[in-house]
Amino acid sequence: MKFNKNYTLLLIGCLLIITLISACRPKETKKPAEVPQTKEDFVKQIKEILSPLQIYIPFSSDGNYPYIREDVRLQVMNDVFNFVQKNADNPLAQEACKEVAKEVAQWAKIAKENNRWVLALVCIDIYETLGARSEALRRLRMRGEQLIAQPKVFVRGLLEDKETGQITIFVEVINRITGEKKRVAARVGDEFENIRVVEIIPYKNVVRFEYIPIEGMFFDVECPKF
């Protein structure tokens, strides 16, 4: 099949025009990332890093706040650490860290008041990573770590010696950190896993324990019917 000469020239001309138009089209360039220029810019950046924590802070006693997830904790801690390392020599960033740290300290106290001890410790970790120091939060950390280490205690049964009247309680102890379970037989005054058996209160159907690492820390555990 033979092509018409004029048709061939027209086709070549169209291809040249398309090529020229494509060559003249401006290339899309990525906008450079905005570099923080002021302390306020750095404050905004840090708060964006901390924003995943917001849904876990129990600002109101009426709200149904979830417990912080481990992946969120790791993500936020990693991002805060990277920010601090990247901007270690920038005085404006350091000022921003101090400002945001004050707000994070309040979050830690709110978490503590609502018995969200894991969340409180996360906030303290962030506070300290931002370069701040507080004796009050140091003591709060110590208490939080002790409470988190407190094992779960369940009374699974009781056995009364008819001759002596002494009661043996059978306790299941669960390590909150490792999940390890132990079975213990104990009487009033016995100690195990940093727990002391204080007394058995029949009319309340509970056994009262003391958590030894925290002075004056008593708690009651319901037990089977006598």
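Above this text you will find the structure in question.
Note that the structure is predicted; figures quoted are calculated from it, not measured.

**Student:** Just checking my understanding: could you explain the nonpolar core for this structure?
**Tutor:** A general trend in soluble globular proteins is that nonpolar side chains are found buried together. Of all hydrophobic cores here, the largest spans 57 residues; its most connected members are L50, V104, I126, L130, F192 and F209. Among the elements that line this core, the one with the most residues is helix 4 (residues 91-113), at 10 residues. Once residues lying within four places of it in the same chain are set aside, the contact partners of V104 are L50, C123, I126, Y127 and L130.

**Student:** Would you mind going over the packing of helix 3 (residues 70-86) against helix 5 (residues 117-129) with me for this structure?
**Tutor:** Packed helices, taken two at a time, are described by their axes: the angle between them and the distance between them. Running from N to C, helix 3 and helix 5 point in directions that differ by 10°, and their axes come no closer than 10 Å. Between helix 3 and helix 5, the interaxial angle falls into the category roughly parallel. Between helix 3, through R73, V76, M77, V80, F81 and V84, and helix 5, the contact on the second element is made entirely by V122, D125, I126 and T129. Of the residues assigned to the contact of helix 3 with helix 5, the class counts are 7 nonpolar, 1 polar and 2 charged.

**Student:** Could you clarify how one ought to interpret the pairing of strand 1 (residues 152-160) in this entry?
**Tutor:** Looking down a regular strand, the side chains alternate between one sheet face and the other. Where strand 1 meets strand 2 (residues 167-174), 8 bridges bridge the pair, whose relative direction is antiparallel. Considered in strand 2, the bridge of V155 is made with V171. Taking the residues that link successive antiparallel strands as the turn, the strand 1-strand 2 hairpin has 6 residues, and the phi of G165 there is positive, at about 80°.

Quick notes on the rules
- Residues numbered from 1 in each chain as written.
- Predicted model: local features only at pLDDT ≥ 70, side-chain atom pairs only at ≥ 80, totals over all residues.
- Heavy atoms only, no water.
- Core = buried A, V, L, I, M, F, W, Y, C linked by side-chain atoms within 4.5 Å.
- Buried < 20%, exposed > 50% of the residue type's maximum accessible area, 1.4 Å probe, protein only.
- Helix = DSSP H or I, 4+ residues; strand = E, 2+ residues; numbered from the N terminus.
- Contact = heavy atoms within 4.5 Å.
- Axes fitted to C-alpha atoms, helices over the stretch in contact; angles between N-to-C directions.
- Parallel < 35°, antiparallel > 145°, perpendicular 65-115°, else oblique.
- Nonpolar A, V, L, I, M, F, W, Y, C, P; charged D, E, K, R; others polar.
- Pairing = 2+ DSSP bridges.

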